[in-house]
Amino acid sequence: MRNACVIAILAIVGAPSVTAEEQTQVLTGQAMAERVYARDDGERVDQTLIMELTDRSGKVRRRETRLVRKEYEHVHKTIIAIKTPASLKDTAFLTFDYQDAQREDDQWLYLPAMRRERRISASDRGSYFLGTDFTYEDIKERTRLSIDDFNFALLDRPVDGEPSLQWIEAQPKSENIARELGYGRIEALVDKKTWMYQRLVYWDIGLNQLKEITLTDIAEIDSVLTAQIIRCENLKTGHSTTFRFENIDYTSPVEDRLFTVAAMRRGLP
Amino acid sequence: MRSDRSGKVLEYVIIGLSLLGLVAMGSLVSGLKKDTSIDAFMSDDHPAVVSRDNVEKLFGLRDPIVIALIDEGENALFDPESLNLLHWLTVEAAKIPNVDPERVTSLASATKIIGEDDTLFIEPFYDRDITTSEEAAEIRSAVEQMPVYWGTLVARDGRGAIISIELIDQSIAAETYENVLALIERAPAGGSLHVAGEAAVSGFLSEYVNRDSRKLVPLGFLAVFVIIFLAFRTTASLILSFIVVAASVVSALGFMAAAGVPYFVITNAMPSILVGVSVADSVHIMSAYYEAQGVEGKDADRRMLARKALRSIWRPVLFTTVTTIFGFLGIVGSSSMPPMFWFGVFAIVGLLFALLYSILFLPAGLALLARAKSGAFKTDFKNRTDTLSKTIYILSSQSANNPVRIIGAAFILFFFGVIGAMNIKVDREQIGQFKPGEAIVRADEAINAYFNGSNTLNIVVEANTMNGVLTYSTLSEMKALQDFALDQPHVHGATSIVDYILQLNGALDNSRAGVIIPEDSDLLAQQFFLLTAGGGPTEWEDEIDALQQRALIKIQVSSGRYSDSRIITEQLQDYIDTIFNSDDRTAYISGRMHLDYHWLKPLAREHATSIAISLTLVLLAAMALFRSVKNGLFTIAPVVLSITTVYAVMGYFGVWLDAATSMFATIAIGLGVDFGIHAIDRINHYRQARAVSLDDALKEFSATSGRALFVNFLAIFSCFCIIASSELPTMERFGGICALAILVSFLASITVVPALLALSEQKEVAAGARAAEA
């Protein structure tokens, strides 16, 4: 597990909580990033994910999906099934993200019009996720920044009237990581009340501004702080993707049989 | 005494203001912006440009810089060394400033879509260094299963690969091109490398223009000064003519900068032409001045001499400027291409300033500075025996003595010109702007030899409904249209979303590239979703739009010639109109070759219109000047002969009529007619003023204006010869044919014009005799 040590340490000292003392405490950029990274986002979730893809001329494509995720000891399993548009109904995407970095992820896709599923090759971390503006890394890390991949530092850029907000900068630890992720540097706005990023600005490996992710509509759902709208805008192409999460459920049991090829064929209700 | 002082003050004021004006206009020149792009030849609001821009915006198309890697070795591209070089170039190119790292496309970044066993691979062919020949062979095998990349990313025979580099800011393409050249300089071994592409051509052309302008203008000035010095042999003549010429060039460029009009490739010829043309008025005025000084003596009042010179010569000086302007008006009035239109406009500005400085500054300057007598001028003009005057006299008097032969010879030349004109071809090739053997030319040749071609034509398919492209019928019709395109000459590639659907369908069936388009619309939608899921949200935008209502067919052509693009474009348009278009879908053509087709198509018509405008205006001006239809027609005879001679040469030697060469005729009319005007004006003047025979008039003309005319001709001719020494072949041709036209005009004005005058006199005498007999 890539970040096992950090999470283990944090687990020992206790889950991060937001106290007035901590809000005023002067933390390093690294410490802030670790706080954000260790934030609890539920062991399982069943939710409706609406993807809105907007091209530079303003044309919007909308897909409504059901997304179910569950964390197991060594693997995170996710299934996404499309509900609309009608032509894509029941098209499903199943992925096993292994904690062992050496092991390639498993992915399957089910095309109902062919009535057959196909195993598909694993995607790189820097590859785009299902043709959206988010990358697999953004999705896997749920818009957090891996403390294994980046060095963090505070930015001296106060946010007027918002003492709980702090800009930090993330620099890839190596050229290989930068190339793998496609990021040359990142600036992130941390909310010390929630230990969530509110905004992330990315630069590509040529240090051209690349994209911006904003998290809004943050609410506590089943005791988990959740951004219900996440928007990613590519600053080079003008294309953007908005993820809207609805019917979020962190508590109901998630059956293991959902994460099977057979379940894909049957279709998620 | 008082009038002498006030005259001097006036001269100082004129000279001061003239120099101030020169400095002021000169200060504007630094604001000139260069535009060496091919787009410059069409106005922004031309329907074809608007359509092209919309298509580029819709499909996110940009002009890339292309690196071609050629490996003629045993395993061609598919050995570790070449594949690693390709990978290295792909990675390193992404680090170049202004390069969009996500839009560096090559086999080392492209996605393969292949089905093997139970797995569908939608992933890069390779993204790391290759160490063994087995790995290289695996990549070859994968590439062989992706025909859509054959001829596009990989050479048709596997002996090369392409790296397409898209830029963030196209306006600094020249700088990025230099950085790409520096990159290939430090590239490891693995094959020969060539850099091409639209952005590279623009960058290369920009460098050519810089080198040319650094050479042509100084050489033009130098040539003119040598001629002026030899003709007048005084310091004053050199200084004064320099200021007149500088005012002409600087005003044209300064006003161009002030108006925000860019410096186009073709503009490079303008300063040299203005140098040669603007000195003509000075030559005639200074000749008249030094002639008068020769007659009146060295101690004669210089102000009086300057005024006398201006009085004697103002009519032809003014009219020749007007007729030259009429020549350029022909370009202004007929050309739809901004570089040519503005060339005409600012050449006229330069000519007006040359006239202004010639009639105000030059006499003032002569009055103040021209103390020394010119050693080149003698007092006894009538009996002058120098070789030049003698030669002009022999040519003109012999022509006048044998008018029928000379006019007959002129008609034969005219006849050959007409035949030649019928063989002239309107054509152009972008790469033909560079000399054979240049790196950019070799790169273009490599791409056309190993890949599908460096020239593109796009067809936009529009369905009437959303998702309308992803239907069996539209995709099948698109495939048929692509197949039809591939049957056209020089077309080697035609790709669209259809090819990827076929590829994916085949991969899902574990077969090689499929040949069947699914008929089920839901399956097509799901397959397209699978394709898009494997890439970025804009990865497919250059194939199909977000609403799947419009798609692009990209056609690659190995010839960039207009004559080839015309055939292809017209064939495709006919197919689209008669077979493809239906109630459900339509298509239209766009792309670089389509633009070339549109801006060159009206060239022949615009060329003819410009000649008609110039010739009519010049004829009317000549008739008005001489108050005689006959003399007006005689005046334009030399230019008509010069144009037809050039046509003959172009026709027989296969010189194309293109943007630059098409301007020769109007320029030849505007400049060449000056010789006829001066010749007829002076010959008639001597005959009427002194009541002498035609032969005596020719003798006096040869020694005075004929000599000045020769100096004038030599200056213009030299400047065109200098333009012909340009590094740009198109400018070479333009300079060469203009020089030829000027030579013919000059020779005809001292041979054909006297022959016409003599024949006319003979007819009048014969008519008079017949009338007397009657």
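Values in this document were obtained by computation on a predicted structure and should not be read as measured data. (Residues numbered from 1 in each chain as written. Chains lettered and ligands numbered in written order. Predicted model: local features only at pLDDT ≥ 70, side-chain atom pairs only at ≥ 80, totals over all residues. Heavy atoms only, no water.)

A. Examining the overall build of chain A more closely. Of the regular secondary structure elements, chain A holds six helices and 13 strands. By the compact-globule yardstick of 18 Å for 269 residues, chain A fits well, its C-alpha radius of gyration being 19 Å. With respect to the three principal axes, the spread of C-alpha positions in chain A is 55 × 45 × 35 Å. A total of 269 residues make up chain A; the buried ones form 53% of that total. For chain A, the share of sequence-separated contacts (at least 6 apart) that also reach a separation of at least 24 residues comes to 47%. Taken as a whole, chain A presents about 12,100 Å² of accessible surface, with 49% of it coming from carbon and sulfur. Within chain A, one finds 38 positive and 44 negative side-chain charges whose respective centroids are separated by 7 Å. (Helix = DSSP H or I, 4+ residues; strand = E, 2+ residues; numbered from the N terminus. Rg over C-alpha atoms; globule rule 2.2 N^0.38 Å. Buried < 20%, exposed > 50% of the residue type's maximum accessible area, 1.4 Å probe, protein only. Contact = heavy atoms within 4.5 Å. Areas by Shrake-Rupley, 256 points an atom, 1.4 Å probe, with all protein chains shown as cover. Lys, Arg positive; Asp, Glu negative; His and termini not counted. Charge placed at Lys NZ, Arg CZ, Asp CG, Glu CD.)

B. Local environment of the pattern of salt bridges. Under the defined criterion, the tally for this structure stands at 51 salt bridges over all chains. As a salt-bridge pair, A:Arg142 and A:Glu71 come within 3.7 Å of each other at their nearest N and O atoms. One end of the pair, A:Arg142, is in the loop between helix 4 (136-140) and strand 7 (150-154); the other, A:Glu71, is in strand 2 (residues 60-71), with 71 residues separating them in the sequence. For A:Glu71, a relative accessible area of 26% translates into the label partly exposed. Ionic pairing is found between B:Glu56 and B:Arg52, a salt bridge with its closest N-O pair at 3.8 Å. With B:Glu56 and B:Arg52 both in helix 2 (residues 47-59) and four residues apart, this pair spans about one turn of that helix. Residue classification places B:Glu56 among the partly exposed positions, given a relative accessible area of 24%. By relative accessible area, B:Arg52 is classed as buried at 7%. Each member of the salt-bridge network shares a partner with another, and the members are A:Asp41, A:Arg69, A:Glu71, A:Arg142 and A:Arg144. (Salt bridge = Lys/Arg side-chain N within 4 Å of Asp/Glu carboxyl O.)

C. A look at the pairing of strand 4 (residues 92-98) of chain A. Residues and elements named next belong to chain A. With seven of seven residues buried, strand 4 is to be regarded as a mostly interior element. The two faces of strand 4 match: Ala92, Leu94, Phe96 and Tyr98 on one face and Phe93, Thr95 and Asp97 on the other face are all buried. Across seven bridges, the pairing between strand 3 (residues 75-84) and strand 4 is antiparallel. Residue pairing for strand 4: Thr78 is matched across the bridge by Thr95. (Pairing = 2+ DSSP bridges.)

D. Geometry of the packing of helix 9 (residues 302-334) of chain B against helix 21 (residues 664-690) of chain B. All names here are of chain B. Between helix 9 and helix 21, the least distance of the axes is 7 Å, while the angle of their chain directions is 160°. When the axis of helix 9 is compared with that of helix 21, the two are roughly antiparallel. The interaxial crossing formed by helix 9 with helix 21 has right-handed handedness. Residues Ser312, Arg315, Pro316, Val317, Phe319, Thr320, Thr323, Thr324, Gly327, Phe328, Gly330 and Ile331 of helix 9 lie in contact with helix 21, whose contacting residues are Thr666, Ile667, Gly670, Leu671, Val673, Asp674, Ile677, His678, Asp681 and Arg682. (Axes fitted to C-alpha atoms, helices over the stretch in contact; angles between N-to-C directions. Parallel < 35°, antiparallel > 145°, perpendicular 65-115°, else oblique. Left-handed = near helix turned anticlockwise from the far one by under 90°.)

E. Expanded view of the nonpolar core. In terms of nonpolar packing, the biggest core is built from 305 residues, with B:Ile273, B:Ile497, B:Phe664 and B:Phe720 touching the most fellow members. Setting aside residues up to four positions removed in sequence, B:Phe664 forms contacts with B:His607, B:Ile643, B:Val646, B:Tyr647, B:Met650, B:Phe734, B:Ile737, B:Cys738 and B:Ala741. Among the nonpolar cores identified, the runner-up in size contains 15 residues, and A:Ile79, A:Phe96, A:Tyr110 and A:Leu258 belong to it. (Core = buried A, V, L, I, M, F, W, Y, C linked by side-chain atoms within 4.5 Å.)

F. Representation of a nonpolar patch on the surface. Residue and element names in this part refer to chain B. A grouping of Leu219, Leu222, Val226, Phe229 and Leu230 is seen on the molecular surface, where their side chains present a nonpolar patch of about 460 Å² in accessible area. Structurally, Leu222 can be placed in helix 6 (residues 198-232). Exposure remark for Leu222: the relative accessible area of 52% places this residue in the exposed category. (Patch = residues over 30% accessible without salt bridge, like charges linked within 9 Å, V, L, I, M, F, W, Y side chains within 5 Å.)

G. Just the environment of A:Asn247, in detail. Residue and element names in this part refer to chain A. With respect to the element layout, Asn247 can be found in strand 13 (residues 240-249). Accessibility expressed as a relative area gives 60% for Asn247, which makes it exposed. The spacing of Asn247 and Arg66 is 181 residues in sequence and 9.6 Å in space, taken between C-alpha atoms. Setting aside anything within four residues of it in sequence, one finds Asn247 in contact with Asp46, Gln47 and Thr48. Reaching out from Asn247, the side chain makes a polar contact with the side chain of Thr48 at a distance of 3.0 Å. (Polar contact = N/O pair within 3.5 Å; in protein donor to acceptor, adjacent residues only side chain to side chain.)

Everything listed here is a matter of geometry and, on its own, says nothing about what the molecule does.
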